[in-house]
Amino acid sequence: DQQVKQNSPSLSVQEGRISILNCDYTNSMFDYFLWYKKYPAEGPTFLISISSIKDKNEDGRFTVFLNKSAKHLSLHIVPSQPGDSAVYFCAARIGGSNYKLTFGKGTLLTVNP
Amino acid sequence: NAGVTQTPKFRVLKTGQSMTLLCAQDMNHEYMYWYRQDPGMGLRLIHYSVGEGTTAKGEVPDGYNVSRLKKQNFLLGLESAAPSQTSVYFCASSLLLGDEQYFGPGTRLTVT
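Residues numbered from 1 in each chain as written. Chains lettered and ligands numbered in written order. Predicted model: local features only at pLDDT ≥ 70, side-chain atom pairs only at ≥ 80, totals over all residues. Heavy atoms only, no water.

Q: Could you clarify how one ought to interpret the interface of chain A and chain B in this entry?
A: When the parts of a complex come together, some accessible area is lost, and that lost area is often used as the size of the interface. The interface is formed by 19 residues belonging to chain A together with 20 residues belonging to chain B. Counting across the chain A and chain B interface gives one residue pair in polar contact (both at pLDDT 80 or more). For the side of chain A that touches chain B, the leading source of residues is strand 4 (residues 30-38) of chain A, giving four residues. Partitioned by chemical class, the residues of the side of chain A that touches chain B number ten nonpolar, four polar and five charged. (Contact = heavy atoms within 4.5 Å. Polar contact = N/O pair within 3.5 Å; in protein donor to acceptor, adjacent residues only side chain to side chain. Helix = DSSP H or I, 4+ residues; strand = E, 2+ residues; numbered from the N terminus. Nonpolar A, V, L, I, M, F, W, Y, C, P; charged D, E, K, R; others polar.)

Okay, here's the thing in structure tokens:
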């Protein structure tokens, strides 16, 4: 049972345009969500996160939106740059003493010059 | 400050052989984790540690053992490797429980 779903395996956008990566979850106990970026042959790196008490968090070109009623979050990258080309993983955590991050399968973003 | 490092980067094993993957972090993090990543799959947690001398099972622990004798090191052992353990293994650490995790560069393991 996949609790965190990234239904688009890949996404291609033009440089300068907006990239929107989507993530759906099924477990209503998740209260903290993270996005990681992964380049080939490297480990994932933390990008941005959002708590369930918020519906938006922004960090430079990256904004994460959370729609709790729809159990959906999205990562917006504006403007997209070729260096953003990577696999993006959505992850979710249940609060309290739970350490465990549940990851989606990832979306490969390609930004074309 | 090297962050999280992993040794080795690549390894090929024959079925039945054993090996140990080493993870080291220099950020004084209490919490450390071992994940595996397979094609088309997200990262799955194998084992984790909440402090020196403690370990616990994650989502897919079978066939693996771990040890955390020093705070900065977390070892992942395969006692008898199987082809199903062919994967990329990532180690991660975090300062606080449930905090964002910092990942190492990964170890690509092939079991033939």
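Still more to cover.
Q: Hey, could you run me through the packing of aromatic side chains in this one?
A: Two aromatic rings are characterised by how far apart their centres lie and by the angle between their planes. In this structure the tally under the stated criterion is twelve aromatic pairs over all chains. With centroids separated by 5.8 Å and ring planes inclined at 50°, the aromatic side chains of Tyr 36 of chain A and Phe 103 of chain A adopt a geometry described as tilted. With a gap of 67 residues between them, Tyr 36 of chain A in strand 4 and Phe 103 of chain A in strand 10 (residues 101-103) connect regions that are remote in the sequence. Given the relative accessible area of 0%, Tyr 36 of chain A is considered buried. When the ring of Phe 103 of chain A is compared with that of Phe 103 of chain B, the centres are 6.3 Å apart and the planes differ by 80°; the resulting orientation is edge-to-face. (Phe/Tyr/Trp six-rings, centres within 6.5 Å; stacked < 30°, edge-to-face > 60°. Buried < 20%, exposed > 50% of the residue type's maximum accessible area, 1.4 Å probe, protein only.)

Q: When you look at the environment of Ser 49 of chain A in this model, what are you seeing that I'm missing?
A: Residue and element names in this part refer to chain A. Tracing the chain through its elements places Ser 49 in strand 5 (residues 45-51). Sequence spacing of Ser 49 and Leu 75 is 26 residues, and the spatial spacing of their C-alpha atoms is 9.8 Å. Filtering out sequence-adjacent residues up to four positions away, Ser 49 remains in contact with Tyr 32, Phe 33, Leu 34, Asn 57 and Val 64.

Q: Sorry, what's going on with the pattern of salt bridges here?
A: Side chains that differ in charge, positive against negative, can pair when their charged atoms come close. Here the structure, examined in full by the defined rule, presents six salt bridges over all chains. Between Arg 93 of chain A and Asp 31 of chain A there is a salt bridge, with its nearest N and O atoms 3.8 Å apart. Of the two residues, Arg 93 of chain A is situated in strand 9 (residues 86-94) and Asp 31 of chain A in strand 4; the sequence distance between them amounts to 62 residues. The class for Arg 93 of chain A is buried, based on a relative accessible area of 13%. With a closest N to O distance of 3.0 Å, Lys 71 of chain B and Glu 30 of chain B form a salt bridge. Of the two residues, Lys 71 of chain B sits in the loop between strand 7 (65-67) and strand 8 (73-78) while Glu 30 of chain B sits in the loop between strand 3 (19-25) and strand 4 (31-37), which places them 41 residues apart along the sequence. Classification of Glu 30 of chain B as partly exposed rests on a relative accessible area of 31%. Taken together, the salt bridges that share partners define one network made up of Arg 36, Asp 38 and Arg 44 of chain B. (Salt bridge = Lys/Arg side-chain N within 4 Å of Asp/Glu carboxyl O.)

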